[in-house]
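Here is what each chain is made of, one letter per residue.
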Amino acid sequence: NGEIIDVDITRACVNFEGKKAILILAEDVTERLKSERSFKKKKSDIELLYKAGKELSGTLDLHKILDKIYRIVKENLQCDSMIISSYNNKEKEIKCLAAWQEDVKQDVSKLPPLNLAPKGLGIQSEIIRTRKAKIVKDYERYTKNCLTRLDYNKHGEEVPLGSKTPKVNNSA
């Protein structure tokens, strides 16, 4: 069918009908290699979780914990920016606890809380509803449909929407 597969090739010299010949066997090992890669990935994930748990349990200081989370994510995922927020279900409010842009930690003390956006709108609202972390590959394009969007430069200064802000490619 033309599909490219991984094979393990074995050869042996043999006598075939009185003549010297080479017997070549090719075994399809595609599934075995796929399983090995999957096992290595799971092992790596477990090691990362163990290491993260060990580091995070070393302090009760929320700001130190948030900084460690950022460092762990930055070491293991390619991202330019990261936001860590809390959600108050009773008030339906999202509060930014920590944010980094281009490796610079931002002062989030002046950021207003955000209301939970209607379904289908807002990155943080989507994450809260699905309860799944998200990596946004093209932040600028992805945020065009957000109800509330606050733009800041890497120095933590608010900039008018639509102005020339540094491009953020990958955000976690």
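Calculation rules
- Here the residue numbers are simple positions, counted from 1 along each chain's written sequence.
- In keeping with the predicted nature of the model, local features appear solely for residues at pLDDT of at least 70, side-chain atom pairs appear and are counted solely at 80 or more, and the whole-chain, interface and lining totals rest on all residues.
- Side-chain descriptors were evaluated using all non-hydrogen atoms of the structure, hydrogens and water having been removed beforehand.
- Helix and strand labels come from DSSP, where a helix needs a run of H or I of at least four residues and a strand needs a run of E of at least two; each type is numbered from the N terminus.
- Three labels apply to residues, based on accessible area from a 1.4 Å probe with only protein chains included: buried if under 20% of the type maximum, exposed if over 50%, partly exposed otherwise in between.
- Here, Shrake-Rupley sampling with a 1.4 Å probe gives the accessible areas, and only protein chains in the shown set may cover a residue.
- When a carboxyl oxygen of Asp or Glu lies within 4 Å of a side-chain nitrogen of Lys or Arg, that pair is called a salt bridge.
- Among buried residues, the Ala, Val, Leu, Ile, Met, Phe, Trp, Tyr and Cys ones that are joined through side-chain atoms within 4.5 Å form a nonpolar core.

Draft legend 1. Spatial organisation of the overall build of the protein. From N to C terminus, the protein includes four helices and eight strands. Reading the protein from its N terminus to its C terminus gives the helix and strand order β-β-α-α-β-β-β-β-α-α-β-β. Here the protein holds 172 residues, and the buried ones make up 21% of them. For the protein, the accessible area works out to roughly 13200 Å², and carbon and sulfur atoms hold 55% of it.

Draft legend 2. Here's a closer look at the pattern of salt bridges. Evaluated as defined, the whole model comprises nine salt bridges. For the salt bridge of Glu47 with Lys43, the shortest nitrogen-to-oxygen distance reads 3.6 Å. Here Glu47 and its partner Lys43 are both found in helix H1 (residues 30–56), four residues apart, which amounts to about one turn of the helix. Relative accessible area serves as the criterion here: at 45%, Glu47 is assigned to the partly exposed category. Judged by relative accessible area, which is 46%, Lys43 ranks as partly exposed. Here Glu75 and Lys51 are joined by a salt bridge, their closest N and O atoms 3.8 Å apart. Taken together, the positions of Glu75 in helix H2 (residues 62–76) and Lys51 in helix H1 put the pair 24 residues apart, joining distant regions of the chain. A relative accessible area of 40% means that Lys51 is categorised as partly exposed.

Draft legend 3. Representation of the nonpolar core in the model. The biggest cluster of nonpolar side chains holds eight residues, and these are Leu66, Tyr70, Val73, Cys79, Met82, Ile84, Ala98 and Trp100. Counting residues per element, this core draws most heavily on H2, at three residues.

Draft legend 4. Fine view of unusual backbone geometry. At Glu17, a residue that is not glycine, the phi angle is positive and equals roughly 50°. In this fold, Glu17 is placed in the loop between strand E1 (7–16) and strand E2 (19–28). Unusually for a residue other than glycine, Lys92 sits at a positive phi of about 55°. You can call Lys92 partly exposed: its relative accessible area is 40%.

Everything listed here is a matter of geometry and, on its own, says nothing about what the molecule does.
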